[in-house]
Each structure stands twice: as C-alpha cells, then as structure tokens.
Amino acid sequence: MSENCIFCKIVAGEIPSKKVYEDELVFAFHDIHPQRPVHILVIPKRHLASLQDATPADEPALGRLLAVANQLATEAGSSGGFRVIINNGEIGCQEVPHLHAHIVGGDQPVGPMLKRLD
Ligand code: 5GP
Ligand code: ZN
C-alpha cells in the first residue's frame, strides 16, 4: 500500500466505494463521476502507479484486470460491448496515480473518447 494513495485506501476500505468485484489480485468499483451509464474502475490491489511502472511481477494482475472486464461490464448492463481505457502519466491525462482501467459502456455507443472521458 502506498501512503496517501486514494485507490490504495479504497482497496483497504479506508475510503468507501461502491465495490463490484474483488479477488486476490484486482479490485473493481464504480467511478465516483460516471461518464457513461456503465463506468467501472478496475485496479490492481498492489500499488502500481501506471503502466510506465509495470514490471513482469505485475503481469498476473494486469492479465486478470482485462480478464474480468467483460464479466463486470456485462453484469453492470453493457452486454452489447464496452470500452477499456487506461490513461498513463501526464501525456495520457492520468489523474489518479494508481493504475486503473476504465470500463465504460451502456446501451449506446460510447463515442470516440480519445482524450479523457469526454
Ligand atoms: P484518470 O483521469 O486518472 O484516468 O481517472 C481517475 C478517475 O477516478 C476519474 O474518472 C474519477 O472520477 C475517479 N475517482 C477519483 N477519485 C475517486 C474516488 O474517491 N472514488 C471513486 N469511486 N472514483 C474516483
Ligand atoms: Zn495505490
């Protein structure tokens, strides 16, 4: 756990979240400011700032993170498809420095969303 990391605090239960999934490697919860009807964040439980910092030791968590995306999107009501977005670093417009995949969807096409989620 990284001190002062809000997503580490969410994993630890120190900051409340609307949890949708948890296993030994990843944790998923609803984004506090949903940009689409389905907007879930999936994060590795172990602190990892971004893909820029990933090492081979992170590969099981990164694989799991993608592997659960379809299950979470479908259960949340996006059975027709979804988008996975990972912002990395300043150029990637990442705001929270604990790696997270945005799972976004709903009953309408998500749109281009090339820069941030709008
Ligand atoms: P980024 O811009 O880093 O890719 O996305 C950060 C995301 O985290 C944003 O969509 C923002 O709404 C979400 N977020 C920030 N703080 C919290 C929080 O305390 N709880 C939850 N559930 N989401 C958060
Ligand atoms: Zn963290």
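Residues numbered from 1 in each chain as written. Chains lettered and ligands numbered in written order. Predicted model: local features only at pLDDT ≥ 70, side-chain atom pairs only at ≥ 80, totals over all residues. Heavy atoms only, no water.

Q: Lay out the site of ligand 1 with the relevant residues and their values.
A: Of all residues adjacent to ligand 1, which total 17 residues, the nearest are Asp 31, Asn 87, Glu 95, His 100 and His 102. Here an oxygen atom of ligand 1 sits 2.5 Å away from a polar atom, N or O, in the side chain of Asp 31. Backbone polar atom of Cys 93 to an oxygen atom of ligand 1: 3.5 Å apart, as the coordinates give it. For ligand 1, the accessible surface in isolation is 520 Å², of which the surrounding protein chains cover 87%. Examining the composition of the shell around ligand 1, we find that three residues originate from one element, helix α1 (residues 6-11), more than from any other. Looking at the shell around ligand 1, its residues break down into eight nonpolar, six polar and three charged. (Near = heavy atom within 4 Å. Polar contact = N/O pair within 3.5 Å; in protein donor to acceptor, adjacent residues only side chain to side chain. Areas by Shrake-Rupley, 256 points an atom, 1.4 Å probe, with all protein chains shown as cover. Helix = DSSP H or I, 4+ residues; strand = E, 2+ residues; numbered from the N terminus. Nonpolar A, V, L, I, M, F, W, Y, C, P; charged D, E, K, R; others polar.)

Q: Explain the nonpolar core residue by residue, including any values.
A: By size, the foremost hydrophobic cluster in this structure holds 16 residues, and its most contacted members are Ile 40, Val 42 and Leu 72. Non-local contacts of Val 42, meaning those with residues more than four positions away in its chain, are made with Val 26, Phe 27, Ala 28, Leu 65, Val 68, Leu 72, Leu 99, His 100, Ala 101 and Ile 103. If you look at the next biggest cluster of nonpolar residues, it comprises nine residues, including Cys 5, Phe 7, Phe 29 and Leu 41. (Core = buried A, V, L, I, M, F, W, Y, C linked by side-chain atoms within 4.5 Å. Buried < 20%, exposed > 50% of the residue type's maximum accessible area, 1.4 Å probe, protein only. Contact = heavy atoms within 4.5 Å.)

Honestly, it's all geometry; don't read function into it.
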